[in-house]
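Now for the letters of each chain:
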Amino acid sequence: MTPPHPSADRSVALVTLGCTRNEVDSEELAGRLLAEGWRLVDDAAEADVAVVNTCGFVEQAKKDSIDALLEASDLKGDGGRTQKVVAVGCLAERYGKELADQLPEADAVLGFDSYRDMSTHLQTILAGGHVESHTPGDRRTLLPLTPAKRQEGAGGVALPGHGDHDGDHGDHGDHGDTQGATDGDVRPDLADAGVPTPATGPRVIRARLDGRPWAPLKIASGCDRRCSFCAIPMFRGAFLSRRPADIIAEGRWLAQQGVKELFLVSENSTSYGKDLGDLGLLEKLLPELTAIEGIERVRVSYLQPAEIRPGLLRAMADTPGVVPYYDISFQHASEPLLRSMRRFGSREAFLELLGRVRADAPHAGIRCNVIVGFPGETEADLDELEAFLTEARLDVVGVFGYSDEDGTEAEGYAGKLAPEVVAERLDRFTRLVEELNAQRAEERIGERVVVLVEEIDDEEGTVIGRADFQGPDVDGVTIVHVPEGAPAPQVGDLVPAVVVGTEGIDLVAEPR
């Protein structure tokens, strides 16, 4: 069956779950579909087909993804427009046919390799045809084992969020050169679809799905670490850096869309450049990004403590426009337990690292995630973690209870703790970090901040945004009380203010 070409009355909604990396992937899918003539809608109930970009990170994320697929499927029986539901993203990539067999409500389960041909697949599905569900495999095997050889071998590998990586978008020159990105001139054949694509040089394949004044920008995909609890490398693949010219071109395009803050995302930002022959490439890329006209802030996420280099810390602290925000993946603080996790570090090593961060950036915002209930975790391990969290004065801590992940080393470990023990430890440390993070917020009373406005409550005269040390979505906000009669800021404005109070981890500030 030859699928019909989509027309303006063929609509699609992209429902995104999980992390900001998934948000980038959804916007790339949106750009591809717009270029093929699809109409994007916000509400799945108003779309011919709902594409659910799933998360497969931990057990709760999987459940949330399945619930979203079932909710979208329910729309098909309500007499509305929705005809088909398609699963994509990490859960679909990880489980493929198994998910399709267990969830017949989804009309197709498509992996990353389907993204370039998504328009054709959706047309086939809407026309009543069948698209074979994804067969999972270990994506680490798709790229050469040696990082230096990966760029030349990446042309045929699907890399969501990287745009096209098959050499059809012009000469990039030296992979390590951060110069020469285009300004984002739009190709005529895609302009009418609203997809800006440079006529020469790096292409930008992306369409914004929201009007926020910040946007995630993917700098790499995959991970080479072998943490015993983590399945991400298996379904996201080996680590691969995006070419600097591609990143800069997309950053310029985002600025043209009104973005003020670039949020650099990856599975491991501290590895950026290792496959391009320059582990210091991120330090060189940062000033290129902050120099983009319209960009006020650049934020770096997901730093591995074992890979953080002094040069990167200096660059983050000294480059104007790079915010003092350090998202560091500690996971625990007990050295023996970290070894069991196949990680490095200790309470002393981590506190020394935080001391170096604050020596360069005294007002730094620091966040991390920790896992409790890992197999073999003792009370002594918990005491070490509690001591670290108490001494560290972190702004935000995410606490996760351990659960087995299919195919990971830890799945076969002895010493598993009973679910009720894991739940008790999760509750105990969640309450601890809530108190510690609230105390850290109170320490900021009196600090001068600059708030990026993200939301305005006109009735209350309240402005909601983020200070430079607050990351998006999960790190709290700053609530600015604008005095009556004062000029009202707009979304995207940067408002100087002073912190005068707190509400949990959220800050309360007044313009100054």
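All values reported here derive from a predicted model rather than from experimental measurement.

**Q** Hey, could you run me through the overall build of the chain in this one?
**A** Summing up its helical and strand segments, the chain has 14 helices and 18 strands in all. Buried positions account for 55% of the 512 residues belonging to the chain. Sequence-distant contacts in the chain: of pairs separated by 6 or more residues, those separated by 24 or more amount to 75%. About 20500 Å² of surface is accessible on the chain, with carbon and sulfur atoms providing 49% of the total.

**Q** Just checking my understanding: could you explain helix α8 (residues 244-256) for this structure?
**A** Side chains that are three or four residues apart share a direction in an α-helix, a result of its 3.6 residues per turn. With 13 residues, α8 should cover 18 Å at 1.5 Å per step; its first-to-last C-alpha distance of 19 Å lies within 8% of that length. Across the 13 residues that make up α8, a large majority, eleven, are buried. Those residues of α8 that fall on the buried side of the exposure criterion are P244, A245, D246, I247, I248, A249, E250, G251, W253, L254 and A255. Lining the buried residues of α8 we find β6 (214-218), β9 (261-265) and α9 (281-290). In the stretch just after α8, G258 is the one whose phi turns positive, near 95 degrees.

**Q** Teacher, can you tell me more about the sheet that holds strand β17 (residues 494-503) here?
**A** In a beta sheet, neighbouring strands pair by backbone hydrogen bonds and run either parallel or antiparallel. If you trace the five strands once around the closed barrel, you get β14-β15-β16-β18-β17, paired in mixed fashion. Across the sheet, the mean angle separating the axes of adjacent strands is 50 degrees when strand polarity is ignored. Note that strand β14 (residues 448-457) and β17 share five bridges and pair antiparallel. Note on β17: the bridge partner recorded for V451 is V495.

**Q** For this particular structure, what's the right way to read helix α5 (residues 118-126)?
**A** α5 sits mainly inside the fold: eight of its nine residues count as buried. Considered for burial, the residues of α5 that qualify are M118, S119, H121, L122, Q123, T124, I125 and L126. Elements that come into contact with the buried residues of α5 comprise β1 (11-16), α1 (20-35), β3 (49-54), β4 (84-89) and β5 (108-109). One or two positions beyond α5, positive phi appears at G128, with a value near 90 degrees.

**Q** Teacher, can you tell me more about the packing of α8 against α9 here?
**A** Packed helices, taken two at a time, are described by the angle between their axes plus the distance between the axes. Look at α8 against α9: their axes get within 10 Å of each other, and the N-to-C directions meet at 25 degrees. Put simply, α8 runs roughly parallel to α9. The way α8 lies across α9 gives a crossing that is right-handed. Only L281, L285, E288 and L289 of α9 make contact with α8, whose side of the interface consists of P244, I247 and I248. Each residue belonging to the contact of α8 with α9 can be placed in one class, and the counts come to six nonpolar, no polar and one charged.

**Q** Hey, could you run me through a negative patch on the surface in this one?
**A** Taken together, the side chains of D64, D67, E71, D74 and E105 present a region of like negative charge at the surface. Assignment of secondary structure puts D67 in helix α2 (residues 59-74). Classification of D67 by relative accessible area gives partly exposed; the value is 46%.

**Q** Got a minute to help me understand the sheet that holds β6 in this structure?
**A** The three strands lie next to each other as β6-β9-β10, forming an open sheet whose pairing is parallel. Of all strands in the sheet, those bounded by a partner on one side alone are β6 and β10 (297-300). Averaged over all pairs of adjacent strands, the angle between strand axes in this sheet comes to 25 degrees, irrespective of strand direction. Sheet topology places β6 next to β9; five bridges connect them, and they run parallel. Looking at β9, one finds that A215 is bridged to L262. Its contacts with the sheet place α9 against β6, β9 and β10, and it is angled at close to 150 degrees to β10.

**Q** In this structure, what is going on with the environment of L126? I would like to understand it.
**A** Here L126 is to be found in helix α5. Taking the C-alpha atoms as reference points, L126 and D48, 78 residues apart in sequence, are found 7.8 Å from one another. If near-sequence neighbours (up to four positions away) are discounted, L126 is found in contact with R10, W38, D48, V49, Q83 and K84.

**Q** When you look at the pairing of strand β13 (residues 396-401) in this model, what are you seeing that I'm missing?
**A** Note on strand geometry: in a regular strand, side chains alternate between the two faces of the sheet. As paired strands, strand β12 (residues 365-372) and β13 are joined by six bridges and run parallel to one another. Pairing of N369 across the sheet is with G398, part of β13. Considered for its hand, the β-α-β crossover made up of β12, helix α13 (residues 379-392) and β13 is right-handed.

**Q** Could you clarify how one ought to interpret the pattern of salt bridges in this entry?
**A** Taken as a whole and judged by the stated rule, the model has 47 salt bridges. Its salt-bridge partner being R297, residue E261 comes within 3.6 Å of it at the nearest N-O pair. Of this pair, E261 sits in strand β9 while R297 sits in strand β10, placing them 36 residues apart in sequence. Across the pair, exposure class does not vary: E261 and R297 are buried alike. Its salt-bridge partner being R466, residue E261 comes within 3.2 Å of it at the nearest N-O pair. Of this pair, E261 sits in strand β9 while R466 is found in strand β15 (residues 462-466), placing the two residues 205 residues apart along the sequence. With respect to class, E261 is no different from R466; both count as buried.

**Q** Which parts of the structure should I look at to understand the confidence of the model for the chain?
**A** Caution applies to low-pLDDT parts of the model: their predicted coordinates are not meant to be read in detail. Confidence along the chain averages 89 in pLDDT terms, with 90% of residues attaining 70 or more. Considering only residues more than four positions removed or in separate chains, one finds that residues 166-200, a stretch of pLDDT under 50, has 71 contacts.

**Q** Even after reading the chapter, I still don't get the pairing of β12, so can you show me in this structure?
**A** Burial runs high along β12: seven of the eight residues are buried. As paired strands, strand β11 (residues 325-327) and β12 are joined by three bridges and run parallel to one another. Paired with Y326 across the bridge in β12 is I366.

Reading the values: the criteria
Residues numbered from 1 in each chain as written. Predicted model: local features only at pLDDT ≥ 70, side-chain atom pairs only at ≥ 80, totals over all residues. Heavy atoms only, no water. Helix = DSSP H or I, 4+ residues; strand = E, 2+ residues; numbered from the N terminus. Buried < 20%, exposed > 50% of the residue type's maximum accessible area, 1.4 Å probe, protein only. Contact = heavy atoms within 4.5 Å. Areas by Shrake-Rupley, 256 points an atom, 1.4 Å probe, with all protein chains shown as cover. Expected span 1.5 Å × (residues − 1). Pairing = 2+ DSSP bridges. Axes fitted to C-alpha atoms, helices over the stretch in contact; angles between N-to-C directions. Parallel < 35°, antiparallel > 145°, perpendicular 65-115°, else oblique. Left-handed = near helix turned anticlockwise from the far one by under 90°. Nonpolar A, V, L, I, M, F, W, Y, C, P; charged D, E, K, R; others polar. Patch = residues over 30% accessible without salt bridge, like charges linked within 9 Å, V, L, I, M, F, W, Y side chains within 5 Å. Salt bridge = Lys/Arg side-chain N within 4 Å of Asp/Glu carboxyl O. Lys, Arg positive; Asp, Glu negative; His and termini not counted. Charge placed at Lys NZ, Arg CZ, Asp CG, Glu CD. Right-handed = clockwise from strand over helix to strand, strands pointing away. pLDDT = per-residue confidence, 0-100.

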